[in-house]
Amino acid sequence: MYKEQDYDIIVVGAGHAGCEAALAAARMGLHTCLFTINLDTIAHLSCNPAIGGLAKGHLVREIDALGGEMAKVTDKAGIQFRMLNLSKGPAVWALRAQADRALYKTAMRIALENQKNLTIKQGMVERLVANDQKISGVVTTLGVLYGARAVVVTAGTFLKGLIHIGLDSFQSGRAGEFPSIGLSDSLRDLGLNMGRLKTGTPPRLDAKTIDFSKTVPQWGDDPPVPFSYSTEKITTLQLPCYMTYTNKTTHEIIRGGLDRSPLYSGRIKGIGPRYCPSIEDKVVRFADRERHQIFLEPEGLETKEYYANGISTSLPYDVQVRLVKSIEGLENAEIMRPAYAIEYDFVFPTQLRHSLETKTIEGLFLGGQINGTSGYEEAAAQGLIAGINAARKIKELEPLVLGRDEAYIGVLIDDLVTKGTTEPYRMFTSRAEYRLLLRHDNADFRLMEKGHAIGLVTDDSFKRFDEKKIALQKELSRLKTVRLKPSENVNNALSAAGTSAITENTSLEKILKRPEIDYSFIQAFSPAPIAISAQLARLVEINVKYEGYIQKQLETAGKSHKIEACKIPTDFDYKNIPGLSREVVQKLTEIGPETLGQAGRIPGITPAAVSILHVAVEKYRGKNPKNISKNSSAEESVL
């Protein structure tokens, strides 16, 4: 076997998780190598050419606040930006961008190729090498060995990928790309339990054959709001999307083709995403619905290819043609790429620590769809954390673990490693207990200090953030102390806004707390002495209007910290704890929770069991003070 070179960290796969992992490790000073099957598909938007959306947009902002790349690349490639859910509370506002597929890949590749400490190689990793349960390198299909002190696997849908179009199926990682067969077997050989998942994609259509006059155009926001805190302005040309609907004829065509559907004939064994079902699944499950929305989304500025969002399917090609042509505006539409479903292997994520390191193989980290998630944003978030923690492990530093009250990334990873998943996991705002704290607008306040301390956020970026933080604090303080005198102009404006007049000097903060008043009222009658941007104004307004609710969530989170602070020793034996049922012992042993809080979130673990476990852990600490895990302390207590 030929050995070429040793690296500190090897990242396998150059999708969204792999790109973030490789950049993070290299930026932290580690000699890193990124392996990809095809250099031309680095950061490929293999499904929907869009970034962000409900809860996913929060993840992108958090990636940016920690020093990741996805938000910056999206701002360079975005051709439509929309802030969603503005009619609801700020906890669920979310930014979404339509991206130019080619521009996105190019921008990310430029970032990778110009990154110091990072080498990129085209090659398929066939096997992982481990000695005494510790990773030591990888072997490619060419039989070349590369040594590594840590390996991050971000294989996406490539592990034994199998594409289905009707009753035809063939091995592929994505349409037109090789699958990874040996790597999947290698992971099993290392003792990891694996399952099978399924996802799908809709047909791509030729814009020249679409009658857009029969559809409803949807433009983005003007001006567009960037994802990255470092982006001052979006300069890329903006395009509309278009909306149309399925109809009764469409549904009849779909039902008529179900006998050749791999989903309903039993050919597909993997479990698909519940929250993003195929069109045949929607037609069967919601038989009373007369139509379903379809969004026609441009793939880029220099292509006529459109993504038909809403009709993901694995039906035979002839059925796809008929169902597309049955839709208003698509009567003459030509399919450029057929829809398909893909099955692939994944690793049950309960075998991971919160650092995303596997529990059984030291130095082996996993990120992205290999952990059972769906979506670019979930993948990128995991890749970033895996890359950071692989680097920190080599540097002999404690891993970065984000709490559920600190970031959606923390919720995502805790859900995966604690509860596991048997279907593609998708992030939603409803998964977060503290979503008023985890807003898209304050990700920098939550995480940028961590990103700077880690070494991923530059000094210049952190300086700008520090100035923003000081400006916010000054303005919030001014609103508390400055009072507005009652006057005819003031009260006329209050009346016009639909709220009552003031009869005495009233603080600006008290006036802004009124539901009918926004920050523009304050600026009109008592402008701030410093420049206040639109984003900072919105942040000021949210902090004032939701102060009471935010404080309550902070207090609740503070109480949960006491439970999270109680670390469970890594060698703790649950079998000899009196009062725990066999089922509870089995689940605790299987998951191996790192804290009492994590133990309480394992499905089936009751509050009574947590109390018993707490007592047992405290007794263990008293008897074995030297054997307490590194991240524990004898003083920590839940009470």
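Note that the structure is predicted; figures quoted are calculated from it, not measured. (Residues numbered from 1 in each chain as written. Predicted model: local features only at pLDDT ≥ 70, side-chain atom pairs only at ≥ 80, totals over all residues. Heavy atoms only, no water.)

Caption draft 1: Structural detail: the overall build of the chain. When helices and strands are counted, the chain shows 21 helices and 22 strands. Taken over C-alpha atoms, the radius of gyration comes to 26 Å for the chain, in line with the 26 Å a tight globule of 639 residues would show. In terms of overall dimensions, the chain has C-alpha extents of about 85 × 75 × 50 Å along its principal axes. Counting across all 639 residues of the chain, residues that qualify as buried make up 56%. Sequence-distant contacts in the chain: of pairs separated by 6 or more residues, those separated by 24 or more amount to 74%. If you sum the accessible surface of the chain, you get close to 27400 Å²; carbon and sulfur atoms cover 50% of it. The positive charge centre, built from 80 side chains, and the negative charge centre, built from 75, are 3 Å apart in the chain. (Helix = DSSP H or I, 4+ residues; strand = E, 2+ residues; numbered from the N terminus. Rg over C-alpha atoms; globule rule 2.2 N^0.38 Å. Buried < 20%, exposed > 50% of the residue type's maximum accessible area, 1.4 Å probe, protein only. Contact = heavy atoms within 4.5 Å. Areas by Shrake-Rupley, 256 points an atom, 1.4 Å probe, with all protein chains shown as cover. Lys, Arg positive; Asp, Glu negative; His and termini not counted. Charge placed at Lys NZ, Arg CZ, Asp CG, Glu CD.)

Caption draft 2: Seen up close, the packing of helix H12 (residues 443–454) against helix H13 (residues 459–481). Here H12 crosses H13 at 145°, and the two axes come no closer than 11 Å. The way H12 lies across H13 gives a crossing that is left-handed. For the pair H12 and H13, contact is made by Asp-444, Phe-445, Met-448, Glu-449 and His-452 and by Asp-459, Ser-461, Phe-462, Phe-465, Lys-468, Lys-469 and Leu-472, respectively. (Axes fitted to C-alpha atoms, helices over the stretch in contact; angles between N-to-C directions. Left-handed = near helix turned anticlockwise from the far one by under 90°.)

Caption draft 3: Highlighting the packing of aromatic side chains. Applying the stated rule across the entire model yields 11 aromatic pairs. Geometrically, the ring pair formed by Phe-346 and Phe-348 is edge-to-face, given 5.0 Å between the ring centres and 70° between the ring planes. Using a relative accessible area of 1% as the deciding quantity, one classes Phe-346 as buried. The partly exposed category is assigned to Phe-348, whose relative accessible area is 28%. Taking 6.4 Å as the distance between ring centres and 50° as the angle between the ring planes, the aromatic pair formed by Tyr-546 and Tyr-549 counts as tilted. (Phe/Tyr/Trp six-rings, centres within 6.5 Å; stacked < 30°, edge-to-face > 60°.)

Caption draft 4: Structural context of the pattern of salt bridges. Applying the stated criterion across every chain, the model contains 42 salt bridges. Lys-160 serves as the salt-bridge partner of Asp-185, at 2.7 Å between the closest nitrogen and oxygen. Here Asp-185 is found in helix H5 (residues 182–189), whereas its partner Lys-160 is found in the loop between strand S9 (144–153) and strand S10 (162–165), with 25 residues between them in sequence. Residue Arg-404 pairs with Glu-433 through a salt bridge whose shortest N-O separation is 2.8 Å. In this pair, Arg-404 sits in the loop between helix H10 (376–394) and helix H11 (408–419) while Glu-433 sits in the loop between H11 and H12, placing the two residues 29 residues apart along the sequence. Each of Arg-404, Asp-414, Asp-415, Lys-419, Glu-433, Glu-564 and Arg-601 takes part in a single network of salt bridges with overlapping partners. (Salt bridge = Lys/Arg side-chain N within 4 Å of Asp/Glu carboxyl O.)

Caption draft 5: Layout of the nonpolar core. Counting 104 residues, the largest nonpolar core has Leu-128 and Leu-364 as the members making the most contacts within it. Considering every element that reaches this core, the biggest residue donor is H10, with 10 residues. When residues no more than four places from it in sequence are discounted, the contact partners of Leu-364 are Leu-128, Ile-135, Val-151, Val-153, Leu-187, Leu-190, Leu-192, Leu-356, Glu-357 and Thr-358. Leu-205, Ile-254, Leu-258 and Ile-335 belong to the second largest nonpolar core, which has 22 residues in total. (Core = buried A, V, L, I, M, F, W, Y, C linked by side-chain atoms within 4.5 Å.)

Caption draft 6: Seen up close, the environment of Cys-566. Examined against the element boundaries, Cys-566 turns out to sit in the loop between helix H18 (547–564) and helix H19 (582–591). Assessed through its relative accessible area of 0%, Cys-566 is described here as buried. Remark: the alpha-carbon pair of Cys-566 and Arg-260, spanning 306 residues in sequence, is separated by 54 Å.

Caption draft 7: Region of the structure containing the side chain of Gln-80. Within the element layout of this structure, Gln-80 appears in strand S4 (residues 78–84). The exposure class assigned to Gln-80 is buried, which follows from its relative accessible area of 4%. In terms of polar contacts, Gln-80 uses its side chain to reach the backbone carbonyl oxygen of Leu-239, at 3.0 Å. Apart from residues lying up to four places away in sequence, Gln-80 is in contact with Arg-96, Ala-97, Gln-98, Gln-218, Trp-219, Gly-220, Gln-238, Leu-239, Pro-240 and Cys-241. (Polar contact = N/O pair within 3.5 Å; in protein donor to acceptor, adjacent residues only side chain to side chain.)

Caption draft 8: Layout of the sheet that holds strand S11 (residues 168–171). The strand order S11-S10-S19-S12 describes an open sheet built from four strands, whose pairing is antiparallel. Two strands in the sheet have a free side with no partner beyond their single neighbour: S11 and strand S12 (194–201). For this sheet, the mean inter-axis angle between neighbouring strands, taken without regard to orientation, is 25°. (Pairing = 2+ DSSP bridges.)

Caption draft 9: Representation of the confidence of the model for the chain within the structure. Looking at the chain, pLDDT values average 94 and 97% of them are 70 or higher. A low-confidence stretch, residues 627–639 (pLDDT under 50), is modelled with 30 contacts involving residues beyond four sequence positions or located in other chains. (pLDDT = per-residue confidence, 0-100.)

Caption draft 10: Expanded view of the state of the cysteines. Going through the model one piece at a time under the given rule, you end up with zero disulfides. With no disulfide of its own, Cys-33 lies closest to Cys-19 among cysteine sulfurs, the gap being 13 Å. (Disulfide = S-S within 2.5 Å.)

Caption draft 11: A look at the pairing of strand S8 (residues 134–140). Most of S8 sits inside the fold, with five of its seven residues counted as buried. When strand S7 (residues 125–131) meets S8, the two strands line up antiparallel, connected through six bridges. Within S8, the position partnered with Val-125 by the bridge is Thr-140. As judged from the three bridges shared by S8 and S9, these two strands associate in the antiparallel manner. Counted as the bridge partner of Val-138 is Tyr-146 from S9. Taking the residues that link successive antiparallel strands as the turn, the S8-S9 hairpin has three residues, and the phi of Gly-143 there is positive, at about 80°.

Caption draft 12: Representation of H18. The end-to-end C-alpha distance of H18 is 25 Å, a good match for the 26 Å that 18 residues give at a rise of 1.5 Å each. Taken residue by residue, H18 has Ile-550, Gln-553 and Ala-557 as its buried positions. Here the buried residues of H18 occupy an arc of 65° about the axis, which is enough to place them on one side. Across from the buried face of H18, at angles greater than 90 degrees, the exposed residues are Lys-552 and Lys-559. (Expected span 1.5 Å × (residues − 1). Arc of directions from axis to C-beta.)

Caption draft 13: Layout of H13. Taking 1.5 Å of rise per residue, the 23 residues of H13 would be expected to cover 33 Å, and the 33 Å separating its terminal C-alpha atoms lies within 8% of that figure. When we look at burial in H13, the residues that qualify are Phe-462, Phe-465, Lys-468, Ala-471, Leu-472, Glu-475, Arg-478 and Leu-479. If you follow the buried residues of H13, they end up packed against H12, strand S22 (506–507), helix H15 (508–512), helix H16 (519–525) and helix H17 (534–545).

Caption draft 14: Region of interest: the pairing of strand S15 (residues 241–245). Extensive coverage of S15 is indicated by the burial of four of its five residues. Summarising the sheet, strand S14 (residues 216–218) and S15 pair through three bridges and their orientation is antiparallel. Each bridged residue has a counterpart across the sheet, and for Val-216 the counterpart in S15 is Met-243.

Caption draft 15: Looking closely at the sheet that holds strand S18 (residues 335–337). With respect to topology, six strands assemble into an open sheet ordered S14-S15-S16-S17-S13-S18, the strand pairing being antiparallel. Either end of the sheet is taken by a strand with one partner, and the two such strands are S14 and S18. Between one strand and the next, the sheet's axes are offset by a mean angle of 35°, whatever the strand orientation. With two bridges connecting them, strand S13 (residues 204–206) and S18 associate as antiparallel partners. The residue of S18 that forms the bridge with Leu-205 is Ile-335.

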